[in-house]
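# Structural overview for review
What follows is each chain in one-letter form.
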Amino acid sequence: MKTNIRTICTIISSCILPLGAYATQEAPVAIDSTMNALDYVLQRPAPAEKFAHKRFGDHLFISMEGGPEWMRPNSHLSGPSSENGYRAGISIGDWITPVHGWRLGISGGRHHGLRDYKPYFAALSLDYMMNLSSLLRGDNPSRHFELVGIMGIEGQALHRECHRLWGVAGARIALQPRVYLTSSTYLYVEPRLGIYGDKLDDVKTWHKYDWNASVMVGLGYRMAGGKGISVDNSMFANNHFRDNLFIGLSGGIVSIGENTSEWRDRIGAAGTLSIGKWFSAPAGLRLSIGGAELRQPAGFKKRYSTIADLDFLWNLNSAFVGYNPDAKIETNMVLGASAACLSGEGKKFFPGLHAGLQGIWKVSPSVGLYLEPNVRAFDSEIARASHRVALMPGINVGLVYRFNTSPEYDAYKSHFDYRKFLSSRRYFFDLLGGVLMRSRSWQPNCAVAIGFGKWYTPESAWRINGEYEYYNTGANYRSLSLSADYLLSLSTLAGGFDSERSFDLDAFVGMNAGIAHYNHKHNSIIWGPRAGLRGRIGVSPAVDIILEPQVQLLAIPNYTRRFNPEARLLAGLSYKIGRTRKERSAHASATDLSEFRPYVGIAGGPMLYSESFSNTSFRKVSWGFNATAGGWLTGTSGLQLSFAYDCVPFNRIVNQEIKTLSLDYMLNLTHVFTGETDRRFEISPMAGIGFGWGSCRNSKTSLALEGGLRASYRLTDNIGLTLTPMVTVWQPRINGEKHNGHHFVGVGRLPLGITYRF
């Protein structure tokens, strides 16, 4: 027993003694049984963010959208119908916090449902919006991309022809990724799915409900946070009537009709000239006059229309953010009245309505490029449609110039270094060739252009072109014409003048006039306006590679149509020449005439005979060569003796050999404009006179006249390459009795050659 008591005491003492020792070191710590476990987690949840001093409407936004929509078929629940409808709408909303917001929208369109029923609808919707980017990453007004989740309710009022008006309600969800173009402007794509009561398309189904899916593409604007509904437009200057006047030029396409499945066959060309004025920062008026090609339903002739629009313009930038003359992107809502006057049989005059959305990229405070989708509504008779209203949707692409005398514009112009511009190569020579399209079909047709121009300001230039077109489709069309263009340097407007820029983009407008031969008998005057873009890639200080898409509208009497739209794509080289007068004088005074040495050369290439135009059995292209000897008398003038041999088709079986001996005068344009005599690349027009003789029976020696343009590139001090497009004409007696009563016969040559300078 004593042993057990002793053992128990030993155990108790062994437990108490360490506690006593610990107590001597530090007092025991009391434990608070009411502690908050959230204080000991690894990361506390972030509190919900709020806007400082939030007021109603101070984070307002507005958006416009449109796109296709689909309904379910009757056979199953999941797949969409084979045909799509369409929807367009506008909405306005406000962000209550960086995460939570609301949106109220109105929209309209047309469903494509069962039994090919296509009711029209108007809808009113209310949505809750959650900014998922702000929820996960916090509020960031500078964020370029955001993802927004949406759910809400919608009610629709529907109607189809010869039927009553009815209504359907439902719920919908959507996901909206958006990309901000500026701090206030954003683009978005919104896939959306809605569940509605039955009869959305006026057809009852066994599952008692309808679903509707759509993909909306939209443009939105948001107000600057914290500034409320008021905006600052104090920088807008309108001191004189000429201030904020603008003119515009555009081209595009239009379509008219009621059947969306045939829209590709109903597309026609359109062009518009407009003038207007901004009376305040957000509000302006615009008057537009243009023409359009209206393709009618099958069985009806197409008609041409003159269309006038008087529009009210509402600038969303100024309305939501405030006027900013430095803004690069602007958007205008367009709403107005239209009037159309049509050619052909039937009703001539149609009044209507016009609406659109104009997006502008401002390359300078005064110049902008714009894209404008729009729609007009007229009486159904304009399209011979069965409904009361015929819609005319279209898309225009154009250039707008705004007259501006504000201090901001004066500051912008001061960026140009005019002294550097005056000492640059301001003259240029273009040699271009390419393909053309007419009557909506590609054929093996070609166009060639030779041009000369001058930049008279850093942003503006003029150009004169000589052009040849070959269109061997149906009418066997050939033309020679002269065009005059005004060029506007978009690169200079956007970034200032830089003579060493590697890529420049120019826009141009102009007129073209000439003479054409077609339908194997007609020779008529042709004319028409033209416009295009001119891309320049600098490969050296003096040479640019040119890519030039063009459109023009030619008036050609007794052709397939009175006015003929034409698209061309030309490519080639531009040679830049020109120095200041001081530089030319200084270089000319130092010129040593002993540098000008004689040369010899030989060249050959394809040739086109004039008689092959009137006789289609002749082959169009033959060949020839020439040998030359000449020299430069001064830095500007030279003489050349030339012997040419041409093998031309004399009849369907036999060729004629024509030899020509001529003396040509040459003018060195490079020396005229630069004063330099030893450049690697030179341009020299030439003209000459001589005589020719042929190999056919009764051929007689004939007077010959010729002219051309020689482009030469020096490979070494003695050897050079030449390309010499030229024309030679003779008296018709060179063909003996086979001259067909013409006043002359001739050939056009494109010889490539080599020269040796002694």
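Everything discussed here concerns the structure shown above.
A short tour of the structure in this document, coming up.

Cut-offs used in this document
Residues numbered from 1 in each chain as written. Predicted model: local features only at pLDDT ≥ 70, side-chain atom pairs only at ≥ 80, totals over all residues. Heavy atoms only, no water. Helix = DSSP H or I, 4+ residues; strand = E, 2+ residues; numbered from the N terminus. Buried < 20%, exposed > 50% of the residue type's maximum accessible area, 1.4 Å probe, protein only. Contact = heavy atoms within 4.5 Å. Areas by Shrake-Rupley, 256 points an atom, 1.4 Å probe, with all protein chains shown as cover. Polar contact = N/O pair within 3.5 Å; in protein donor to acceptor, adjacent residues only side chain to side chain. Salt bridge = Lys/Arg side-chain N within 4 Å of Asp/Glu carboxyl O. Patch = residues over 30% accessible without salt bridge, like charges linked within 9 Å, V, L, I, M, F, W, Y side chains within 5 Å. Pairing = 2+ DSSP bridges. Axes fitted to C-alpha atoms, helices over the stretch in contact; angles between N-to-C directions. Phe/Tyr/Trp six-rings, centres within 6.5 Å; stacked < 30°, edge-to-face > 60°. Lys NZ or Arg CZ within 6 Å of the ring centre and 35° of its normal.

Bringing the overall build of the chain into the picture now. Scanning the chain from N- to C-terminus turns up 9 helices and 34 strands. Counting all 758 residues of the chain, 46% fall into the buried class. Counting only contacts in the chain whose residues sit at least 6 apart along the sequence, the fraction spanning at least 24 positions is 61%. Entry remark: accessible area of the chain is about 38,800 Å², with carbon and sulfur atoms responsible for 65%.

Attention now goes to the side chain of Arg87. Checked against the element boundaries, Arg87 lands in strand 2 (residues 85-95). What makes Arg87 buried here is its relative accessible area of 3%. A distance of 3.1 Å separates a polar atom in the side chain of Arg87 from a polar atom in the side chain of Ser107.

Tallied over the full model, the rule gives 28 salt bridges. The shortest N-O distance in the salt bridge between Lys362 and Glu330 comes to 3.8 Å. Taken together, the residues span a long stretch of sequence, with Lys362 in strand 14 (residues 349-362) and Glu330 in strand 13 (residues 329-342) at a distance of 32 residues. Looking at Lys362, the relative accessible area reads 9%, which means it is buried.

Once that is clear, we can look at a nonpolar patch on the surface. A cluster of nonpolar side chains, namely Val600, Ile602, Trp623, Phe625, Tyr713, Leu715, Ile719, Leu721, Ile754, Tyr756 and Phe758, defines an oily patch on the protein surface of about 1,000 Å² accessible area. Among the elements of the structure, strand 25 (599-609), strand 26 (621-632), strand 31 (719-723) and strand 34 (752-757) are those that each provide at least two residues to the nonpolar patch. As for its position among the elements, Phe625 is in strand 26.

Ordered by their spatial adjacency, 8 strands build a closed barrel running 1-2-3-4-5-6-7-8, and the pairing between neighbours is antiparallel. This sheet shows a mean twist of 25° between the axes of neighbouring strands, independent of strand direction. Across 8 bridges, the pairing between strand 6 (residues 166-180) and strand 7 (residues 185-197) is antiparallel. Residue pairing in the sheet places Val179 in a bridge with Leu187 of strand 7.

Both strand 25 and strand 34 contribute to a ladder of 6 bridges, which runs antiparallel. If you follow Gly601 over to strand 34, its bridge partner there is Thr755. Where strand 31 lies against strand 34, 5 bridges are found, and the strand directions are antiparallel. Note on strand 34: the bridge partner recorded for Leu723 is Leu752.

Glancing now at the packing of aromatic side chains. Counted according to the given criterion, the structure contains 13 aromatic pairs. Between Phe452 and Trp462, the aromatic rings sit 6.2 Å apart at their centres with planes inclined by 65°, giving edge-to-face as the arrangement. Remark: Trp462 occurs in strand 19 (residues 460-471) and Phe452 occurs in strand 18 (residues 446-455); sequence separation between them is 10 residues. On the accessibility criterion, Phe452 (24% relative accessible area) is partly exposed. Judged by relative accessible area, Trp462 falls into the partly exposed class, the value being 33%. An aromatic cluster is defined as three or more aromatic residues linked by ring pairs; in this entry it consists of Tyr180, Tyr186 and Tyr188. We note Lys277 situated over the ring of Phe279; from NZ or CZ to the ring centre the distance is 5.9 Å. Directly above the ring of Phe428 sits Arg534, whose terminal nitrogen or CZ lies 4.8 Å from the centroid.

Spatial strand order, 17-18-19-20-21-22-23-24: 8 strands in a closed barrel with antiparallel pairing. Each strand axis lies, on average, 25° off the axis of its neighbour in the sheet, ignoring direction. Pairing analysis gives 16 bridges linking strand 21 (residues 503-518) to strand 22 (residues 522-538), with the strands arranged antiparallel. Counted as the bridge partner of His517 is Asn523 from strand 22.

On to the side chain of Arg714, then. Inspection of the secondary structure assignment puts Arg714 in strand 30 (residues 702-714). For Arg714, a relative accessible area of 15% puts it in the buried group. Here the side chain of Arg714 touches Asp717 through a polar contact of 3.3 Å, side chain to side chain.

Residue placement: Leu705 occurs in strand 30. The exposure class of Leu705 is partly exposed, given its relative accessible area of 42%. Once the C-alpha coordinates of Leu705 and Val729 are considered, the two residues, 24 residues apart in sequence, prove to be 5.5 Å apart. Dropping the residues within four chain positions of it, Leu705 is found in contact with Gly688, Ile689, Val727, Thr728 and Val729.

With 12 bridges connecting them, strand 29 (residues 681-694) and strand 30 associate as antiparallel partners. Paired with Pro685 across the bridge in strand 30 is Leu709. Examined bridge by bridge, strand 30 and strand 32 (residues 726-730) share 5 bridges and lie antiparallel to one another. Counted as the bridge partner of Leu705 is Val729 from strand 32. Inspection of the sheet shows strand 30 paired to strand 31 by 4 bridges, in the antiparallel sense. Its bridge partner being in strand 31, Arg714 is matched across the sheet by Gly720. Connecting strand 30 to the antiparallel partner strand 31 that follows it, the hairpin turn spans 4 residues.

Scope: geometric values only; no functional claims are made or implied.
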